[in-house]
Amino acid sequence: MTLAANALAVEIGKSAPDFTATDINGKTVKLNDYKGKIVVLESYNSDCPFCNNHYKTGAMQELEKDMAAKGVVWLIVNSVNPNNPSHRTPDQAKQELADKKIVATAWIDDSSGTVGHLYDMKTTPDMYVIDKNGVLVYDGAIDNKPDPQHDPRTARNYVREAVDALMAGKPVPVAQTKPYGCSVKYAN
Amino acid sequence: MGTGSRCALLAGFFCLAVFTAHAAHTQVRLILSASTARPGDTVLASVDLKMEPDWHTYWKNPGAAGLATKIEWQLPPGVTAGEIQWPLPEKLPPAEVTTYGYDDEVVLLVPLKLAPDLKPGPLDLKAKVSWLECKEACIPGSGSVETMLNVGTETKPSADAALIESWQGKVPKSAENWSVRAGWEKPASGDTRPIIIAGSYVGAMAAEWSDKFDFFPDANDDFEIQAAIEKVSDTNSFFCFRKIVKKYSGDWPKEISGVIVAGTGNSRFGFEVKLTVSEQAPTDETVLLGSNTGETPVPLSQPLWQMLLYAFIGGLILNIMPCVLPVIALKILGFVGESRSDPRHVRKLGLVYALGVLVSFAALAAVVIGVKAAGHKAGWGMQFSSPVFVVCLTTLVTLVALNLFGVFEVTLGGRALDAAGGLASKHGAAGAFFNGVLATVLATPCTAPFLSIALGFAFAQKAPVILLMFLAVGVGLVAPYVVLSWNPAWLKFLPKPGAWMEKFKIAMGFPMLATAVWLFNLAAGSYGKSVLWLGVFLVVVAFAAWIFGEFVQRGRARKGLALVIALILLVGGYAFALENQLRWREPVKEADATGSLKESADGIDWQRWNPEAVAKARADGHPVLVDFTADWCLTCQVNKKTSIEIPSVHAKLKSLNAIALLGDYTRFPDNITAELNRFNRAGVPLVLVYPKDAAASPIVLPEILTPGIVLAALDRAAR
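Notes on the structure follow. Remember, it's a predicted structure, so these values are computed and weren't measured experimentally.

**Re the overall build of chain A**
Looking only at helices and strands, chain A has five helices and nine strands in total. Listing the helices and strands of chain A from first to last along the sequence gives β-β-β-α-α-β-α-β-α-β-β-β-α-β. Looking at the 188 residues of chain A, the share that counts as buried comes to 45%. Across chain A, every contact between residues at least 6 apart in sequence was considered, and the portion connecting residues at least 24 apart equals 76%.

Structure, rendered in structure tokens:
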């Protein structure tokens, strides 16, 4: 059955599929190397007004900083294909990282869409939280306000909630939501 | 006019530089269906969004990405805005992130209700419209729009009325004359689950419809019905397709809503539906109302009271099904015995009998609920798949027969030695209760008309509904007796009590003995040739019963010795025959035979049923007859003898080059339970005829067959 094919790989409560990718500094990033730490995946495209809203308000950077202080690994996954105007070359990405003061463990150059398709990332932003044992515990929207023009600090942030619950040893209150945003600009 | 659209008018290209603040690619304006309207009128206000080529805005459910357009009204007092009426959107690529939206232009319609006491004069209508426009990138846009409406003494259409009317035609209508059903195809796999949506046009057909159908769901936070679509079959239903539902939170949805879209290009149309999601995928029978399958189709959204009524009628009919008849004999005897008692006593016994049946049905329901809770499949009559149960019941029924023959007397309730003695002992309260239990136990291998529909429904429900449905069957089963016991006058046709009763009682022992033989035959299926030892055990039990009756109950001396001998016989017979020889608790596994299951040399050449065999036979272009049956299912056996395993059907199968498949449900194989569930049945019989045309749906035959029904279905299948 073709309909359910790619949805099967990623499932809450199951091991998050491992991947090996290259970041914008040319370094190899392997998900399973981060076992023992909480990992957040962010599907990213700052030209998307939904993503951009989180960065231009500074709310995302605050969240990232907060997560970094808690020892959380934050991986940005940019799956925009090279022919799209929103694509970033490694140099442009480094510049953007600095300009926007983004705090991330790594920015994965996924212009081939491999990681995006593996996780069935639909939108930017589409967020994933993986616990210390490599189990996927959250998949979906970053918060409960699908609006490109709000202050994200006033919304219920599902990623923060999931990480806080993990740190407190409690079950993640909301494990799955419908991601909102712009479509990921995959190569055809 | 908003800054965004003005900007677009000036120079779209330069606007790219400031795209986050302004909508560069969409013009927006507010138009009205009327320039002048009367107080109390409803005017259609419309937000007209014009997108540049390749840019689009979104529907109320944007799909996997995007954002629905929003309208915030600023209206003078006395004017209230209704919901947005959304014209039919398009599915927008890419396939992996499908969205629903509009290319080029869309007119969103909003009814504005004018209060009846509105004063004449001009009204200023304002709204802030915000949207997301996308091409390769997405840009949030917004614009403030306003227009004037004159309130006067007559209604005058505006210059835009025709445009608005044309867009009104694109708004989905209500689903008149369409029968649409939705149901889960399979259990969930993780957080996704396939759903089947099927529908048919039930009115007179006006024109040729396109075969392009789709379902655009309403937005929902808890689940998403994904845009990808797979056509299943459009042979009997107008459309039938599969979608994947992805769940985010909560239970699997019980109801879905959205728009069924048909056709392509300019001839597209849509209608709104709100569908109850049933636990089974819709079949042609549930979609095509009034299909001639020999059975009234039961829409799965049938209300509970109707199902309870079916259960009640099914219970009533159970009384005359072959498996319950021996118990009827017992009951008739009971009434005759009691007709000399005072009416209050008769009523009491009627109620106790009813209690016995209802308690048994409640116990059955509890077993079903327990089996379901343990994650197994439950079915009607499933206790007969247990050889241990069959051995116990065979022994019990043999004892009941011996009891009727007068070999010994039942001591239920300790009334055997009562001075009244005789028949009263067997028709006291305990006897009546026991009759109720026995009636229920013997009723389970039968299903009656109505009952299979009701049970098919019941087995898929939650615990309280299962219990309620079972009790309804029980109430149906006891209703005639309770009514009779309340009106003993109706029993006047029976002769006066007398010596004939003793003879009648003995005569009734024979149907009971026949029941024992039938049960014995069931046990043979589990134990093979060793079933001989069950027979030996029954003889020993009968002998012990006689010693007990003759020398303990009716004897004068050495009662103790007789009792000891009876007990030694029982225990010895059990230990040797059942434990040592029969090994009754570990029946031999039935060999998994393959190939022909022919009953006799000139019988139908049955092959073992499995889904692959059906698929293969259909792929090869054969019609297929499938008989789901079980040794313990009397209805099935009767069907087979009268209507299936007969020369005319055999000849018909040969002439049509049809394949006959036998699904043996005696031991409750899971794959057959699943197949029965697919047809909303809780048990056998289920007889299906698959048409030669591999895409057509199977014909479901009724529970009780006649040769005519089978032959007609086969003829239909060959077409």
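**Description of the overall build of chain B**
Across its full length, chain B carries 19 helices and 26 strands. Going through the 719 residues of chain B one by one, you find that 44% of them count as buried. When contacts within chain B are restricted to residue pairs at least 6 apart in sequence, those whose partners lie at least 24 apart make up 74%.

**Some remarks on the sheet that holds strand β25 (residues 686–690) of chain B**
Strand order in the open sheet formed by five strands is β22-β24-β23-β25-β26 (chain B), and the pairing between neighbours is mixed. The open sheet terminates on both sides in strands that have one partner only, identified here as β22 (606–608) and β26 (699–700) of chain B.

**Notes on the interface of chain B and chain A**
In this assembly, 29 residues from chain B lie in contact with 29 residues from chain A. Contributions of two or more residues to the side of chain B that touches chain A are made by β10 (121–134), β11 (138–151), β15 (192–201) and β19 (239–247) of chain B. When grouped by side-chain class, the residues that make up the side of chain B that touches chain A number 15 nonpolar, six polar and eight charged.

**Observations regarding the nonpolar core**
Residues Val 40, Leu 75, Met 127, Val 129, Tyr 138 and Val 159 of chain A together with Val 43 of chain B are the most contacted members of the largest nonpolar core, which totals 118 residues. A total of seven residues in this core trace back to one element, the largest contributor, which is β10 of chain B. Looking at which domains feed residues into this core, each of domain 1 (3–170) and domain 2 (174–287) of chain B supplies at least three. With 115 residues, the next largest nonpolar core counts Val 397, Ala 443, Phe 628 and Tyr 690 of chain B among its residues.

**What about the packing of helix α13 (residues 532–553) of chain B against helix α14 (residues 559–582) of chain B?**
All names here are of chain B. Interhelical geometry of α13 versus α14 gives an angle of 175° and a closest axis separation of 9 Å. Judged by the inter-axis angle, α13 sits roughly antiparallel to α14. Class assignment for the residues of the contact of α13 with α14 results in 22 nonpolar, two polar and one charged.

**Description of the sheet that holds strand β8 (residues 136–140) of chain A**
Residues and elements named next belong to chain A. Read across the open sheet, the five strands follow the order β5-β4-β3-β7-β8; overall the sheet is mixed. Either end of the sheet is taken by a strand with one partner, and the two such strands are β5 (106–109) and β8. If you compare each strand with its neighbour and ignore which way they point, the axes differ by 15° on average.

Reading the values: the criteria
- Residues numbered from 1 in each chain as written.
- Chains lettered and ligands numbered in written order.
- Predicted model: local features only at pLDDT ≥ 70, side-chain atom pairs only at ≥ 80, totals over all residues.
- Helix = DSSP H or I, 4+ residues; strand = E, 2+ residues; numbered from the N terminus.
- Buried ≥ 20, exposed ≤ 12 C-beta atoms within 10 Å, placed from the backbone.
- Contact = placed C-beta atoms within 7 Å.
- Pairing = 2+ DSSP bridges.
- Nonpolar A, V, L, I, M, F, W, Y, C, P; charged D, E, K, R; others polar.
- Core = buried A, V, L, I, M, F, W, Y, C linked by C-beta atoms within 7 Å.
- Domains from an automatic or database assignment.
- Axes fitted to C-alpha atoms, helices over the stretch in contact; angles between N-to-C directions.
- Parallel < 35°, antiparallel > 145°, perpendicular 65-115°, else oblique.

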